[in-house]
Amino acid sequence: MSHLLRTSRLFAWLFLTGLSVAVIVTSGFYLYLRPGLPPVHQLLDIKLQTPLRVYSKDNRLIAEFGEKRRAPITIEQIPTIQLQAFMAAEDARFYEHFGVDIKGLARAAIELISTGEIQSGGSTITMQVAKNYFLSRDRTFIRKFNEILLALQIERELDKNRILELYLNKIYLGNRAYGIAAAAQVYYNKPVSELSLAQMAMLAGLPKAPSAYNPLANPNRAMIRRNWILGRMQDLGYITQDAYELAVSAPLTASYNSTETEVDADYVAEMARSEMVRGFGEEAYTDGYSVTLTVDSEKQQVATDALRAGLEAYDRRHGFRGAIGQIDPETLANGDLSNLILNYPRIESLLPAIVTGIDDESGEVETYVRRIGQAIMPFETMTWARRYKTENLVGPEPEKPSDVVAPGDVVYVRVEKPEHIALEPESDEADSDTGAIEQLGPLTVSLAQIPRAEGALISLEAKTGAIEALSGGYSFGQSKYNRALQARRQPGSTFKPFLYLSALENGMTPATIYNDAPIVFDDSELETSWRPQNSSGQFYGPTRLREALYRSRNLVSVRLLRDLGIKKTIDYLAQLEIPVDNMPDDLSLSLGSGQLTPMELARAMAVIANGGYDVEPYLIESISDSRGDTVYQAPETILCDENCQEVTELATSGVEKSDSDSDAEASTDDETSPEIRVMRRLADERAVFILHSMMQDVIRLGTGRRALALGRDDIAGKTGTTNEQKDTWFAGFNHELATTTWVGFDQPAPLGRREFGASTALPIWLDYMKVALEGRPSSLMPRPNGIVNIRINPETGQRARPGEDGVFEVFREEDAPPPLTSESENDANGGSEDDDLSRRIF
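Residues numbered from 1 in each chain as written. Predicted model: local features only at pLDDT ≥ 70, side-chain atom pairs only at ≥ 80, totals over all residues. Heavy atoms only, no water.

Moving on, we come to the overall build of the chain. Counting its secondary structure elements, the chain contains 26 helices and 24 strands. Sorting the 842 residues of the chain into buried and exposed places 52% on the buried side. In the chain, the proportion of contacts linking residues at least 24 apart, taken out of those at least 6 apart, comes to 70%. (Helix = DSSP H or I, 4+ residues; strand = E, 2+ residues; numbered from the N terminus. Buried < 20%, exposed > 50% of the residue type's maximum accessible area, 1.4 Å probe, protein only. Contact = heavy atoms within 4.5 Å.)

Below, the discussion takes up the environment of Ala 749. The residue Ala 749 is located in the loop between strand E22 (737–744) and helix H25 (761–772) in this model. When the C-alpha positions of Ala 749 and Gln 725 are compared, they lie 7.9 Å apart, and in sequence the two are 24 residues distant. Ignoring anything within four residues of it in the chain, the contact list for Ala 749 reads Gln 725 and Lys 726.

So, about the sheet that holds strand E13 (residues 467–471). Read from one edge of the open sheet, five strands run E13-E12-E22-E21-E20, paired in antiparallel fashion. A strand with exactly one partner marks an edge of an open sheet, and here the two such strands are E13 and strand E20 (716–721). In this sheet, adjacent strand axes meet at a mean angle of 5° when their direction is disregarded. By the bridge criterion, seven bridges tie strand E21 (residues 727–733) to E22 in an arrangement that is antiparallel. (Pairing = 2+ DSSP bridges. Axes fitted to C-alpha atoms, helices over the stretch in contact; angles between N-to-C directions.)

A separate point is the pattern of salt bridges. By the definition in use, this model includes 41 salt bridges. For Glu 275, the salt bridge goes to Arg 278, with nearest N and O atoms at 2.3 Å. Taken as a pair, Glu 275 and Arg 278 lie in helix H12 (residues 266–280) at a separation of three residues, close to a single helical turn. Residue class for Arg 278 comes out partly exposed when judged on its relative accessible area of 49%. The shortest N-O distance in the salt bridge between Arg 812 and Asp 684 comes to 3.4 Å. (Salt bridge = Lys/Arg side-chain N within 4 Å of Asp/Glu carboxyl O.)

For the rest of this paragraph, the subject is helix H7 (residues 160–170). Counting buried residues along H7, nine of its 11 residues qualify, which places the element largely inside the surrounding structure. Along H7, the residues classified as buried are Lys 160, Ile 163, Leu 164, Glu 165, Leu 166, Tyr 167, Leu 168, Asn 169 and Lys 170. The backbone nitrogen of Asn 161 has a side-chain oxygen 3.0 Å away, supplied by the residue at the start of H7, namely Asp 159. (Polar contact = N/O pair within 3.5 Å; in protein donor to acceptor, adjacent residues only side chain to side chain.)

Now for the packing of aromatic side chains. Inspection of the entire model under this criterion finds 10 aromatic pairs. The interplanar angle of 85° and the centroid separation of 6.3 Å between the aromatic rings of Phe 86 and Tyr 167 together place this pair among those described as edge-to-face. With Phe 86 in helix H3 (residues 80–90) and Tyr 167 in helix H7, this pair connects stretches of sequence that are 81 residues apart. By relative accessible area, which is 0% here, Phe 86 ends up buried. (Phe/Tyr/Trp six-rings, centres within 6.5 Å; stacked < 30°, edge-to-face > 60°.)

Regions with low pLDDT carry predicted coordinates that are not meant to be interpreted in detail. When pLDDT is averaged along the chain, the result is 84; 80% of the residues meet or exceed 70. Across the chain, the secondary-structure element scoring lowest on mean pLDDT is helix H23 (residues 659–668), at 40, and the one scoring highest is E22, at 98. Here residues 427–436 is a poorly scored stretch, pLDDT under 50, and it has 19 contacts once near neighbours within four places are set aside; other chains count. Low pLDDT, under 50, characterises residues 655–672; the stretch is placed with 28 contacts to residues that sit more than four places away or in other chains. (pLDDT = per-residue confidence, 0-100.)

Turning our eyes to something else, we now look at the nonpolar core. Counting 93 residues, the largest nonpolar core has Ile 62, Leu 293, Leu 470, Phe 498, Tyr 500 and Leu 560 as its most contacted members. Per-element accounting of this core gives the leading share, nine residues, to helix H21 (residues 598–609). Those residues in contact with Leu 470, other than ones at most four positions away along the chain, are Tyr 267, Val 268, Met 271, Gln 300, Leu 457, Ile 458, Asn 482, Ala 484 and Met 599. Ile 75, Met 202, Leu 206 and Ala 247 belong to the second largest nonpolar core, which has 51 residues in total. (Core = buried A, V, L, I, M, F, W, Y, C linked by side-chain atoms within 4.5 Å.)

The topology assignment puts Arg 686 in helix H24 (residues 685–700). Aside from chain neighbours lying at most four places away, what touches Arg 686 is Pro 784, Asn 785, Gly 786, Ile 787, Arg 812, Glu 813 and Glu 814.

Most of helix H19 (residues 554–564) sits out of view: nine of its 11 residues are buried. Listing the buried residues of H19 in full gives Asn 554, Leu 555, Val 556, Ser 557, Val 558, Arg 559, Leu 560, Leu 561 and Leu 564. Positive phi appears at Gly 565, one or two residues downstream of H19, with a value of about 100°.

Within the secondary structure, Glu 649 sits in helix H22 (residues 644–653). For the pair Glu 649 and Val 678, spaced 29 residues apart in the sequence, the C-alpha separation amounts to 9.7 Å.

In this section: the packing of H21 against H24. Orientation of H21 relative to H24, taken along the N-to-C sense of each, is 110°, at an axis distance of 9 Å. Classified by the interaxial angle, the pair formed by H21 and H24 is roughly perpendicular. Of the residues in H24, those touching H21 at Met 605, Ile 608 and Ala 609 are Val 688, Leu 691, His 692 and Met 695. (Parallel < 35°, antiparallel > 145°, perpendicular 65-115°, else oblique.)

As paired elements, strand E5 (residues 351–359) and strand E6 (residues 364–369) share six bridges and run antiparallel to each other. Within E6, the position partnered with Asp 359 by the bridge is Glu 364. Here E5 hands over to E6 after four residues, with Gly 363 in that stretch at a positive phi of 70°. As defined by bridge partners, E6 adjoins strand E7 (residues 373–378) across six bridges and the pair is classed as antiparallel. Looking at E7, one finds that Tyr 368 is bridged to Gln 374.

Take unusual backbone geometry next. Phi is positive for Asn 189, which is not a glycine, with a value near 55°. Positionally, Asn 189 belongs in the loop between helix H8 (180–188) and helix H9 (197–204). The phi dihedral of Glu 577 falls on the positive side, at around 60°, and the residue is not glycine. Here Glu 577 is to be found in the loop between helix H20 (566–575) and H21.

Written out as structure tokens, the structure reads:
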């Protein structure tokens with residue numbers, strides 16, 4: 001008996017000693033590790049790595065930037081059955097344990113011993129939150145112990161629902177999807193609330209191994225994992241037997257769904273991204289900012305489409321340049337066409353196609369189109385394809401398909417009826433396009449080619465500078481060079497309105513007479529003399545400034561600049577805040593030989609459109625953080641005629657500095673973030689009003705007559721074409737909206753003898769403005785005080801005498817022709833006027 005007692009005491013002491021050592025060791029680990037553990041409250045401040053999203057002003061998604069796809073969601077937005085699916089897969093006793101589940105650890109150990117793998121996992125959801133938010137992925141005892149300690153601490157300080165919400169927003173679920181909301185979009189293109197039970201179980205199976213159980217990469221393993229989770233849900237009483245059987249029998253419906261942008265505005269998106277990174281650094285990609293732009297989605301889409309259509313129309317006028325590639329007959333007969341065509345990229349709506357057969361009798365060409373498969377190209381879609389020879393010369397019109405293409409040719413085509421085909425967007429993360437997409441009907445394609453000419457369109461709200469639409473080229477995917485901002489080109493005759501505005505401010509009038517006659521300038525630095533001439537090559541004699549502008553008479557502009565003075569004119573351009581660094585200091589300035597970007601010219605035209613006030617183009621209307629709080633709001637714009645410095649000081653004096661203001665400052669590069677942006681007057685109001693009437697005649701009577709198709713009375717504008725037709729322009733506006741278009745080659749080269757601003761740039765402008773101005777009332781600049789209308793003799797520019805043929809002209813009061821007097825008074829006063837007229841003519 002005593003021996004048994006002594007043995008019992010020995011074991012008791014050994015047990016107590018071991019327990020004490022375990023407690024001491026555990027306490028030691030805790031005391032050692034506790035200081036290094038992060039405070040739990042940091043969980044509430046952590047910013048999930050959410051991508052930057054860019055929206056139009058009417059809340060259409062333009063672009064998303066960032067490595068991780070995530071859309072934070074609250075637990076109230078997640079169906080209960082979805083929560084139960086994750087608990088069944090990861091932690092069925094989540095609402096029962098205190099952060100560490102002893103039973104769960106034991107069950108995981110038994111599963112490992114019996115099956116060789118752990119199905120349900122040993123880590124609780126709380127432990128996974130600790131690991132995902134705070135700890136590394138290292139598989140060490142220290143990290144596991146830290147995970148347990150943190151889990152216990154998290155459970156003490158946060159409620160269960162908050163922990164589960166943090167978990168479901170953080171977990172990685174494959175294909176760049178972080179969080180359940182992003183995964184629902186990636187795999188099923190649905191919000192979480194619309195998923196079926198089978199789909200919910202599929203997502204719940206991903207945290208354990210996002211690659212191994214991925215329904216796209218490993219569908220069989222994913223289905224086994226899904227059905228196991230459905231079985232667990234039934235065992236736990238989450239679903240009924242009927243629901244289980246229905247879900248288990250459901251087919252796999254997952255597919256890759258990229259973020260669907262709603263507006264084709266890549267150049268605008270890149271401008272916004274660049275601005276955000278400049279202001280917020282790399283955090284712009286991860287901190288969940290939402291940027292709302294000034295662009296209108298409908299106008300932006302039309303701008304993109306109009307520019308592409310205009311460039312394609314120019315390209316077709318100059319003929320077909322031939323196939324982009326050739327496949328030899330043997331490869332064509334025996335090769336895998338779906339792989340061969342992958343060497344040629346899709347460019348916007350144009351798809352590469354291999355010509356597989358030609359039937360001249362039926363007038364049909366058989367093709368194999370990338371991501372589509374077999375298609376027919378009728379000859380009537382090819383009749384434009386005269387052979388290109390030079391920019392001024394094309395071959396004869398083709399009479400049959402074989403005049404244009406041959407078997408094995410690789411050409412670009414466009415689907416004639418896109419609604420008849422389900423064409424998926426190409427993505428690096430989607431399956432490679434080695435097969436044809438299912439066709440919904442007979443498919444017809446038309447011959448196309450990628451334009452070599454490029455262009456730009458900028459549309460500004462004239463009074464505020466807000467960018468309503470912008471396109472910087474045919475295809476951002478093909479060239480990220482934003483011509484709207486970066487292409488520095490000669491404006492040609494679109495520069496003339498600024499020269500004429502300077503003349504109007506210096507006492508000249510629309511009735512001032514200049515001679516449209518030959519003129520020669522000798523330059524000692526040049527081997528030949530400069531002999532400017534009109535685009536027609538003809539001369540038209542004495543011409544009023546109004547007519548000289550709407551008919552774009554070059555020789556009148558040269559004489560006008562000579563009279564105004566080159567330095568004085570450049571100073572006036574600087575007053576209008578037009579960049580003058582690339583302006584020549586000779587008379588060629590009058591013909592637009594300086595250099596401006598399309599944006600610089602568009603901004604200057606907006607100054608004319610709004611009545612002469614400064615314009616600062618801007619793109620970002622507001623920026624919100626991941627919580628939806630506004631961190632930047634574009635200031636309101638007011639137009640100022642006088643005492644503008646005082647108005648500016650009043651506008652900025654009451655602005656308080658805050659953290660959000662600091663963020664806004666970073667994104668706008670301002671030392672302050674004023675609530676009001678003051679735009680001062682740059683040009684005389686009456687001179688601008690007169691210029692409006694002169695530029696309206698460009699539309700009614702001159703080179704911009706094609707714009708009459710709008711059927712509006714409020715349109716003014718100016719065409720522009722440079723020497724050898726290397727740059728072509730049209731800038732047109734009403735009092736509210738100013739739009740400028742440019743067409744040319746990236747490397748300056750002639751567009752062709754018959755190409756002018758009216759034939760290349762104006763049609764693009766017209767297609768855009770038809771939509772941009774649809775439903776909007778006429779907007780004319782209000783008539784300012786100090787303007788008079790006087791009937792003049794169009795031959796002399798002087799007041800018309802009674803009985804003479806005359807036209808009404810608009811003048812500033814002080815510049816109006818003198819009243820009619822007696823013959824003797826006219827003779828007495830006519831000397832100086834005759835001298836002035838003589839100077840303008842000769």
